[in-house]
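Coordinate inspection notes
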Amino acid sequence: MDIYRSIADEVSVENMLETNKEIVKYERLSGSSDERQAVEYLKKRLDEYGFDTHIYDCQAYISLPKKCQLEIQGEKIYAQTHSMVPSGHVAGKIVYCSNQDELKSKNYRGKIVMIPGWATFPVVELAQNHGAAGMIFIQKAVIRECIPSGCWGSPTRNDYHLFPRIPIVTVIDTDIQPYVDRLQQGESLEAELSTETDTGWRTIPLLIGELKAPVDTHYFVQFTGHQDSWYYGAIDNGTANALQIEIARLVKKHQDELKRNFRIVFFSGHSHGRYAGSAWYADHFWEDLYENCMLNINNDSPGAKGAEDMAHSIVMPDAKSLGVQIVKELTGQDFVGMRPGRLGDQSFWNVGLANAFASFSRQKKTLQPDGTIGLARGNAALGPGWHTPDDLPKWIDKENYLRDGKVYAEYIMTCLTEDIIPLEVEKDAADIMNILEQWNQEAKGKFDLSGSIRLAEKVTDLCSRFSQAPLSKDTKNDGIVKLCRILIPLDFTRGNIYGTEPAMPIDPMPCLSPIHDLVKADTSDMDKNAILVELTRSVNFIDHRLHCAIKVLNEILDGREN
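What counts, and at which threshold
- Residues numbered from 1 in each chain as written.
- Predicted model: local features only at pLDDT ≥ 70, side-chain atom pairs only at ≥ 80, totals over all residues.
- Heavy atoms only, no water.
- Helix = DSSP H or I, 4+ residues; strand = E, 2+ residues; numbered from the N terminus.
- Contact = heavy atoms within 4.5 Å.
- Axes fitted to C-alpha atoms, helices over the stretch in contact; angles between N-to-C directions.
- Parallel < 35°, antiparallel > 145°, perpendicular 65-115°, else oblique.
- Left-handed = near helix turned anticlockwise from the far one by under 90°.
- Nonpolar A, V, L, I, M, F, W, Y, C, P; charged D, E, K, R; others polar.
- Buried < 20%, exposed > 50% of the residue type's maximum accessible area, 1.4 Å probe, protein only.
- Expected span 1.5 Å × (residues − 1).
- Pairing = 2+ DSSP bridges.
- Right-handed = clockwise from strand over helix to strand, strands pointing away.
- Salt bridge = Lys/Arg side-chain N within 4 Å of Asp/Glu carboxyl O.

1. With respect to the environment of valine 11
Among the structural elements, valine 11 can be located in the segment before α1 (13-23). Between the C-alpha atom of valine 11 and that of isoleucine 247, which follows or precedes it by 236 residues, the distance is 8.0 Å. Beyond its immediate stretch of four places on either side in the chain, valine 11 contacts Met16, Glu246, Leu250, Leu402, Gly405, Lys406 and Ala409.

The following block contains the structure:
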């Protein structure tokens, strides 16, 4: 594989900064007129570079926080509510919980639960299930916007239970600490809180720009990012959008060298619809993506001051090696790469798309005064201004921005110009085999995965032979795409290739997650037998996928030998 190294010298940070300056003129709330103007500007820029562009109007479930009020013992406390929180009013006694585990042990019927941390759906759901009438979350130093919903994208009727049902607010730790002290000393305190959000179905834009390769191919690589923002979003996601435009310029300049087509996609609904734009795109372009897309490269919040950690962006096993090489050569850092989770517009697992990156460079964790390794008070992984009104151009670092731009440019141009797309499907197969072994160990003999492990070993061996075989470039590329479609949903989903996984933490090979409950001592015999039914069906999914991979690989390798 030849990395397209020369492209790094052509990246212009001045171009990106100028584009960013235009983008941050607009407060890009999903579905707003300001957002629409920003999208029209991005379309104009792509048009200037000769891209075939189109703005799609998408119906999506969007929630914009409007206002809230919190009083404790009649004293007003500054608070904010969040997207997807219902509008409502509640009054009641406060119960303080120092951590999530405490929520499991009490009944909070009619009470308002106060707890440190971010408002996330698993915590909200736990409190709701224990009767909480409202919640007060406590963030450190500054309140950052978030969405305490477990629904990925817009809901179906089966997803309504994944939204909060109670009023929720967040406060700053220093403002609330005197009340926490009183509660911990046994004092009874009453709170009254009200929330108002503008939540419902609305039209949001989705911009696609396409550039054709000078060869006859139906395959494309896509470079994606969300253009909606909290407040003016200079870094999240203004720097990413400006980088997308700069990459568009460079790809157009080298269009005659492309071996596959290039698509740039700008999503809305990321910030206020829990990835509603990318989920809409995955739903409405499912067959196009399934048949034609080779790789999704995502881009979120590059180029921030203090963003010196280049090692921990998400990446799938097949797409990692190229990132390791490029990051090492350009930065000297060893790219570790993290398993993709339910974040960063990862709406394409069900389709079977390989993915590289999301939020890329991050704030580097250091030794803190309390002896822990972490970020300084008031900072966040994507910078001090992240998800606050302070997400402004002052936090952009020119050198870091240029560095990040070079990494993306080399990665994208290499994927567009190599005869064979640089995806290592043998790494996907090995990952599945290792995960199966881990699940089998956890099952402790109560459920046997040895048959699936043997199949995974065979797939891993055949994938290695496939990667080393002297096959034509078309055979290799077709085989890689077919194998990604088979293996990625197996590695990352529960098996529904036409839907999405919830916006909550998820296990590797989540179809086997019932094993956690199977091995618990307090699981009833009734439930254990039901779990065995679930797991039997999961193994059917696993083994069928592995047999499909074996069939594809044997057909390719036998065809070569004949």
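Moving on from the model shown.
2. Topic: the packing of helix α11 (residues 425-443) against helix α13 (residues 473-492)
Where α11 meets α13, the closest approach of the two axes is 10 Å, and the angle between their N-to-C directions is 25 degrees. By the criterion of interaxial angle, the relationship of α11 to α13 is roughly parallel. By crossing handedness, the relation of α11 to α13 is classed as left-handed. Between α11, through Val425, Asp428, Ala429, Asp431, Ile432 and Ile435, and α13, the contact on the second element is made entirely by Ile480, Leu483, Cys484, Leu487, Ile488, Leu490 and Asp491. Partitioned by chemical class, the residues of the contact of α11 with α13 number ten nonpolar, no polar and three charged.

3. Details of helix α4 (residues 121-129)
The complete set of buried residues in α4 reads Phe121, Val123, Val124, Leu126, Ala127 and Gln128. On the buried face of α4, the contacting elements are α3 (100-103), β4 (112-116), β5 (134-139) and β6 (168-172). One or two residues past the end of α4 sits glycine 131, with phi positive at roughly 95 degrees.

4. Structural notes on helix α9 (residues 320-331)
Note on helix geometry: an α-helix contains 3.6 residues per turn, so any two residues three or four positions apart are oriented the same way. The terminal C-alpha atoms of α9 lie 16 Å apart, and with twelve residues this matches the ideal 16 Å at 1.5 Å per residue to within 8%. The set of residues buried in α9 consists of Ser321, Leu322, Gly323, Ile326 and Val327. Next to the buried residues of α9 lie α10 (398-417) and α11. Remark: glycine 332 follows α9 within two positions and exhibits a positive phi of approximately 85 degrees.

5. Quick word on the pairing of β4
Along a regular strand, successive side chains alternate from one face of the sheet to the other. Of all five residues making up β4, four are buried, and the element is well covered by its neighbours. The pairing of strand β3 (residues 88-96) with β4 spans three bridges and is classified as parallel. Bridge pairing in β4 links isoleucine 94 to isoleucine 112. Crossover connection from β4 via α4 to parallel β5: handedness right-handed.

6. Description of the pattern of salt bridges
The full count for this structure, using the stated rule, is 27 salt bridges. With a closest N to O distance of 2.7 Å, aspartate 57 and arginine 36 form a salt bridge. Of this pair, aspartate 57 sits in strand β1 (residues 52-72) while arginine 36 is found in helix α2 (residues 33-48), placing the two residues 21 residues apart along the sequence. Take aspartate 57: its relative accessible area is 49%, and that puts it in the partly exposed class. Here arginine 249 makes a salt bridge to glutamate 246, at a shortest N to O gap of 2.7 Å. On the criterion of helical spacing, the pair formed by arginine 249 and glutamate 246 is a turn pair, its members being three residues apart in helix α6 (residues 234-253). Residues joined by salt bridges that share partners form a network here, namely Arg36, Glu40 and Asp57.

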